[in-house]
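# Fold and geometry: a report
Residue-level listing of the chains:
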Amino acid sequence: MRPVRFSLARVGLIAGNTVREAARQRLFNLFVVLALMLVLGARWFRDFSFGAPELRFLADCGFGAMAFFGSALTITATAQLFFSEIENRTALTLLAKPVWRAEFIVGKLVGVAGLTLLFCGLLTVLLAAVLWTREGALMQEFPDNFAQGRVVSYAMVAGAGAMQWLKLLILGALVLLVASFAQTQTFAIVTGFLVLVICHLQHLALAAYERSGSLFGMTASAAIAWMFPNFQVFAWADSLAAADFPGWGQVARVVSYGLGYVGLGTALAVFCFRKREI
Amino acid sequence: MATPGATEAPAKVPAVEIRGLVKDFAIGLRGVKLRAVDHLDLTVEAGQVFGLLGPNGSGKSTTVKLLLGLLEPTAGQCRVFGVSSLRVEARREVGYLPEAPYFYRHLSGRELVHFYARLCGESGTGLGKRIADVIALVGLAEAADRRVGTYSKGMLQRIGLAQALVHDPRLLILDEPTAGVDPVGSAEMAALIGRLKAQGKTILITSHLLGQIEDICDRVAILDRGRLMVEGAVADLVNRAGRQSLVVEEMPPGELAALRAWMEARGRKLLAVEPAGRRLEQVFLEQVGRGKGEGETRP
Ligand SMILES: Nc1ncnc2c1ncn2[C@@H]1O[C@H](COP(=O)(O)OP(=O)(O)OP(=O)(O)O)[C@@H](O)[C@H]1O
Ligand SMILES: [Mg+2]
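The following refers to the structure shown. (Residues numbered from 1 in each chain as written. Chains lettered and ligands numbered in written order. Predicted model: local features only at pLDDT ≥ 70, side-chain atom pairs only at ≥ 80, totals over all residues. Heavy atoms only, no water.)

Across its full length, chain A holds nine helices and zero strands. Walking chain A from its N terminus toward its C terminus, one meets helices and strands in the order α-α-α-α-α-α-α-α-α. In terms of overall dimensions, chain A has C-alpha extents of about 75 × 55 × 35 Å along its principal axes. Across the 278 residues in chain A, those meeting the buried criterion constitute 50%. When contacts within chain A are restricted to residue pairs at least 6 apart in sequence, those whose partners lie at least 24 apart make up 81%. By element, 70% of the accessible surface of chain A is carried by carbon and sulfur atoms, the whole surface being about 12,800 Å². Within chain A, the 14 negative side-chain charges are centred at a point lying 15 Å from the centre of the 21 positive side-chain charges. (Helix = DSSP H or I, 4+ residues; strand = E, 2+ residues; numbered from the N terminus. Buried < 20%, exposed > 50% of the residue type's maximum accessible area, 1.4 Å probe, protein only. Contact = heavy atoms within 4.5 Å. Areas by Shrake-Rupley, 256 points an atom, 1.4 Å probe, with all protein chains shown as cover. Lys, Arg positive; Asp, Glu negative; His and termini not counted. Charge placed at Lys NZ, Arg CZ, Asp CG, Glu CD.)

All names here are of chain B. On inspection of all chains with the given rule, the structure shows two cavities of 30 Å³ or more. Of the voids in this model, the second largest cavity is the one considered here, and its volume is about 40 Å³. V16, I18, L42, V44, F50, L52, T63, L67 and L204 together form the lining of the second largest cavity. For the lining of the second largest cavity, the secondary structure elements donating two or more residues are β1 (16-27), β2 (32-44), β3 (49-53) and α1 (60-67). The residue makeup of the lining of the second largest cavity, split by class, is eight nonpolar, one polar and no charged. (1 Å grid on protein atoms, 1.4 Å probe; cavity = no way out; pocket = protein on both sides within 12 Å on 5 of 7 lines; lining within 4 Å. Points joined across faces, edges and corners; volume = space filled by probe spheres on them. Nonpolar A, V, L, I, M, F, W, Y, C, P; charged D, E, K, R; others polar.)

Here we come to the packing of aromatic side chains. For the coordinates displayed, the defined rule picks out 14 aromatic pairs over all chains. Positioned above the aromatic ring of A:F273, the side-chain terminus of A:R101 is 5.5 Å from the ring centre. Note that B:R170 overlies the ring of B:F81, its terminal NZ or CZ placed 3.9 Å from the centroid. (Phe/Tyr/Trp six-rings, centres within 6.5 Å; stacked < 30°, edge-to-face > 60°. Lys NZ or Arg CZ within 6 Å of the ring centre and 35° of its normal.)

Here we take up the nonpolar core. Among the nonpolar cores identified, the biggest contains 116 residues, and A:F82, B:I173 and B:I205 are the most heavily contacted of them. The element best represented in this core is helix α6 (residues 154-181) of chain A, accounting for 12 residues. When residues no more than four places from it in sequence are discounted, the contact partners of B:I205 are B:V49, B:F50, B:G51, B:L52, B:L174, B:P177, B:I193, B:I213, B:I216 and B:C217. Counting 34 residues, the second-largest nonpolar core is a separate cluster that includes A:F31, A:V39, A:L73 and A:A128. (Core = buried A, V, L, I, M, F, W, Y, C linked by side-chain atoms within 4.5 Å.)

Residue and element names in this part refer to chain B. The immediate surroundings of ligand 1 are formed by 15 residues, with G57, K60, S61, T62 and E99 found nearest. Between an oxygen atom of ligand 1 and a main-chain N or O atom of G59, the distance comes to 3.0 Å. Protein chains shield 66% of the accessible area of ligand 1, which is 640 Å² for the free molecule. Contributions of two or more residues to the shell around ligand 1 are made by β1, β2 and α1. In terms of residues, the shell around ligand 1 owes the most to one element, α1, which gives three residues. Its residues assigned to classes, the shell around ligand 1 comprises five nonpolar, seven polar and three charged. (Near = heavy atom within 4 Å. Polar contact = N/O pair within 3.5 Å; in protein donor to acceptor, adjacent residues only side chain to side chain.)

Our next topic: a nonpolar patch on the surface. Residues B:I222, B:M229, B:V230, B:L237 and B:V238 make up a contiguous nonpolar surface patch of roughly 370 Å² in combined accessible area. Within the secondary structure, B:L237 is located in helix α7 (residues 234-237). (Patch = residues over 30% accessible without salt bridge, like charges linked within 9 Å, V, L, I, M, F, W, Y side chains within 5 Å. Salt bridge = Lys/Arg side-chain N within 4 Å of Asp/Glu carboxyl O.)

Our focus in this paragraph is the side chain of B:S207. Residues and elements named next belong to chain B. Note that S207 resides in strand β8 (residues 202-207). On the basis of relative accessible area, S207 is assigned to the buried category, the value being 4%. Apart from the residues within four sequence positions on either side, S207 is in contact with L52, L53, G54, K60 and I213.

Here it is in structure tokens:
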């Protein structure tokens, strides 16, 4: 008997179908439009300018929109694309083919990753364009702010966009993990938002517990720190000057931290989904 | 059609082998169990057309899902061509049409069949033609480029069949393939099953439309509440052998009595005299332009 091996080709097919479904549903388009409005709005709905710090404000707005709408997109799309297969019983036909359940889960994650990559890429390029033109205009207006030429490093902008994407990838894996055992889409979405909040705030909880000094506090903080990734480590938008680049070592640490959670979340999702009754 | 099929399979491995199969579903919160399949034993030899019959909720679909590894048995085991259903390999030679199928609404019929074909590892230059062929085979050529979301129930069944056939599997599992299909479609389906059988395929079909099953199956099993009630060759079960029915024009009572006497004189017995009404199905098929013949597809 010829064994059926885990196949990246099949993962790619499932992922491609997932992206196609999202694209044809136009949910994705809605989020892009909303985020675009915010990025562009940050610039065009203001009628005053205040030199170089304005660029910071624009960047904050842009990455804020990317984080906010990106998270909402990731949570809803992941849950929706997963449960549409279960509820419409298309998973039945799919898994009756020589397809590993792990391929199904990984395919869904790769599909969501593709979707968020498109989203983050689009918005990053757009934001960079807005920053570039605005920077040009401000250089004329406030030449002494720009004595050394342009202040925004566009490599940093791209890096910050990539970090946003990595963060959404983790979020997607965690939502998929919840979906793999959840009975309803609503449960997965609500839990997804809860996870998002915890991941953003876990450093606060951590600090509070560490200060408490009790054994229970220490254990609890360690547990939370281990279970949930700290999304703060992906925030680069504070500074976009090349001088503030945190260094490749730090980047590698953050990326492996993020990918570790993606791998862990996916592995657990595969485990939970392994015996699920379809 | 009731002869045991000529098998091409080299070894005598049964296409489907179910041994002591039990499936309990947990229903309710306090661990109440519902036994959907109860110690089922079944064997489907390669090349047979096998009907799995039973009333609603008798466990037909559950059995099929267990066979496909979509559910895990509580006890017992299933094998497909000798491979345990729990293994992915068991599904390589199987085409499955789920009951009341529903497919990706966002794809066209052609894209859908293409997607499933690729998942089964089909590729290459001949694939486009093969896809067009199966779509034509199920009579959907005109609607192939429409979105599946716009398909009617019967069309969904047809595209489902195309999807099940596209990788040319040795075993076809059809869960109520004619539910929601019009009589013309059902007759076409029956003809198609006949052709697939002639190609040496094994077909497991579940239904509660007994009329159709009777015509196309070699063997049937009847389930009730998850238990196997009876299993055997259709001809044996309905005791068809040794009987004939003659359809004649209406006879006056006198002639009928004479006929009876004529037969009795030869040691034969006239078992029944009844009006030979056409079945409504036959009227329908005639009106929509097709006799109950085999083969050709709708114009
Ligand atoms: N996922 C499930 N959870 C709980 N009970 C289930 C589940 N699936 C099926 N059942 C129960 O198992 C029994 C058998 O169901 P099954 O779908 O196999 O019947 P069936 O013979 O296919 O009926 P039908 O002719 O209506 O399709 C039913 O009582 C059904 O309620
Ligand atoms: Mg059923």
